[in-house]
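# Per-entry structural report
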Amino acid sequence: MLALGDGDLAAMAGGCLTISLDALRANYRLIAARVAPARAAAVVKADGYGLGALRVAPALAAEGCRAFFVAHLSEAIAVKPSLPPDASLFVLNGLTPGSEPACIAVGATPVLNSYDQALRWQQAAAAAGTPLAAVVQVDSGMSRLGMSLAEAGALAGDAEFRAAVPVVLLMSHLACADTPDNPANEAQRNRFAAAAALFPGVPLSLANSGGSFLPAGFHLALVRPGVSLYGGAPNNAAPNPMRPVVALDARVIQIRTIPPGAGVGYGLTFTADRETRIATIAAGYADGLPRALGNRGAAYYNGVRLPIAGRVSMDSITLDVTALPPDTLQPGALVELIGPHQSLDQLAADAGTISYEILTSLGHRYHRIYRDSEPSAASGAA
Ligand SMILES: *Cc1c(COP(=O)(O)O)cnc(C)c1O
């Protein structure tokens, strides 16, 4: 078998994804300090927003995080071994019928989003012969997940349900937290307060990243940031206060000079209007660089903007590098896609999307480097 060292792997890869667990930790500390005395959980669904839940979760645990949210039970099963034994693990999407025993086995706590889910969890508790904790989610206005106030009220007043299912958290989710001035935020907070009155003494959670940067009245017992931990802006009202966690550099495969009139890429949607130097880099839409970046986005080299020329292909992108002095860029060099000159949020904006979609699409073809100056006991080898 061929034995390849880390350097070989780095040189072969089409690009390099550098993930700073130090910045991730700093972002957690910033939010935790901002919302105190509320506590900060961490949302690590979708493999820690694409950055590797098994690396991200232990780093956050080392900062004192003890509540983790995933979307699916399968994610809970994957993440659980990386968490400290005293951490709570919540399944946001709740449980599909029949998955209750698996949830009990992994020791995760479901978010009960419907009356039906609540009854099934109550039955699971009866079958197990032991009370089973749960989170109850009410819909405070987003109409996505969660039960109505009437359903929550029925459960709240059901002594058998309450005995079988200790409600450890009552939660809801904000639809417009990234726009702090939106009156929908206050409306949702008021509806959530009405639900909270049905469950006196139960801890409350309403805020995601955006909500963590709303006034303290939104923080309640527990905030649930996701994207801001990973460096995404919590809202679009102020400069991003988070430290960048991700840097992305892609490798130049070849450079050639094309004459005026030559077309570039599928559909020949770019035409050189002068002698143009085109560099092809080894990352494309299969690596999470949206096709919408074609003829719109850019990469950077030595701080010089290199516009994307033509369409984004599956495995490559063509850049107009004419702005660089000849011979500056050589095959094998790395150009910046996310870094000091182009933020995650800027790349997302150029693609007409949001940081969340960029992060969760990055894929597994890049060479990944995790930077962590204080490795936590649980984080294991790279
Ligand atoms: C994904 C999610 C979060 C985290 O949201 P961010 O905007 O990434 O901070 C919090 N709560 C719920 C219910 C979610 O689905």
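Figured I'd write up the structure that's included with this text. (Residues numbered from 1 in each chain as written. Predicted model: local features only at pLDDT ≥ 70, side-chain atom pairs only at ≥ 80, totals over all residues. Heavy atoms only, no water.)

## Concerning the overall build of the chain
When helices and strands are counted, the chain shows 13 helices and 19 strands. On the principal axes, the C-alpha backbone points of the chain span a range of 80 × 55 × 35 Å. For the chain, the proportion of its 382 residues judged to be buried stands at 52%. In the chain, the share of contacts with a sequence separation of at least 24, taken over all contacts with a separation of at least 6, comes to 67%. Counting only carbon and sulfur atoms, one obtains 56% of the accessible surface of the chain, whose full area is about 16,200 Å². On the chain, the mean spot of the 26 positive side-chain charges and the mean spot of the 29 negative ones are 1 Å from each other. (Helix = DSSP H or I, 4+ residues; strand = E, 2+ residues; numbered from the N terminus. Buried < 20%, exposed > 50% of the residue type's maximum accessible area, 1.4 Å probe, protein only. Contact = heavy atoms within 4.5 Å. Areas by Shrake-Rupley, 256 points an atom, 1.4 Å probe, with all protein chains shown as cover. Lys, Arg positive; Asp, Glu negative; His and termini not counted. Charge placed at Lys NZ, Arg CZ, Asp CG, Glu CD.)

## Quick notes on the packing of helix α2 (residues 21–35) against helix α4 (residues 53–62)
Viewed as axis vectors pointing N to C, α2 and α4 meet at an angle of 50 degrees, and their least axial separation amounts to 9 Å. The angle between α2 and α4 places the two elements in the oblique class. Where α2 crosses over α4, the two elements pack in a sense that is right-handed. Here L21, L24, R25 and Y28 of α2 come into contact with α4, specifically with R55, V56, A59, L60 and A62. Tallied by class, residues from the contact of α2 with α4 come to 7 nonpolar, no polar and 2 charged. (Axes fitted to C-alpha atoms, helices over the stretch in contact; angles between N-to-C directions. Parallel < 35°, antiparallel > 145°, perpendicular 65-115°, else oblique. Left-handed = near helix turned anticlockwise from the far one by under 90°. Nonpolar A, V, L, I, M, F, W, Y, C, P; charged D, E, K, R; others polar.)

## So, the site of the ligand
Taken together, the neighbourhood of the ligand is formed by 14 residues, with K45, Y49, S209, V227 and Y356 sitting nearest. R224 places a side-chain nitrogen or oxygen 3.0 Å from a nitrogen atom of the ligand. Here Y356 contributes a side-chain N or O atom positioned 2.6 Å from an oxygen atom of the ligand. For the ligand, whose accessible area on its own is 390 Å², the fraction buried by protein is 93%. One can see that the ligand is located within the largest pocket. (Near = heavy atom within 4 Å. Polar contact = N/O pair within 3.5 Å; in protein donor to acceptor, adjacent residues only side chain to side chain. 1 Å grid on protein atoms, 1.4 Å probe; cavity = no way out; pocket = protein on both sides within 12 Å on 5 of 7 lines; lining within 4 Å. Sits in = over half its atoms within 2 Å of the grid points.)

## Quick look at the sheet that holds strand β3 (residues 42–43)
One open sheet accounts for 7 strands, arranged β3-β4-β5-β6-β7-β8-β9; its pairing is parallel. If you trace the sheet from one side to the other, it starts and ends with β3 and β9 (204–205), each paired once. In terms of strand pairing, strand β5 (residues 88–91) meets strand β6 (residues 109–112) through 2 bridges, oriented parallel. Paired with V91 across the strands is P110, a residue of β6. Docked against the sheet, helix α10 (residues 183–196) engages β8 (167–171) and β9, running at close to 155 degrees with respect to β8. (Pairing = 2+ DSSP bridges.)

## Notes on the pairing of strand β15 (residues 298–301)
What you see with β15 is no split at all: A298 and Y300 on one side and A299 and Y301 on the other are buried throughout. Strand direction decides the pairing type here: β15 and strand β16 (residues 304–307), joined by 4 bridges, are antiparallel. Residue pairing for β16: Y301 is matched across the bridge by V304. Following β15, the chain reverses through 2 residues before pairing antiparallel with β16; N302 in that reversal takes a positive phi of roughly 50 degrees.

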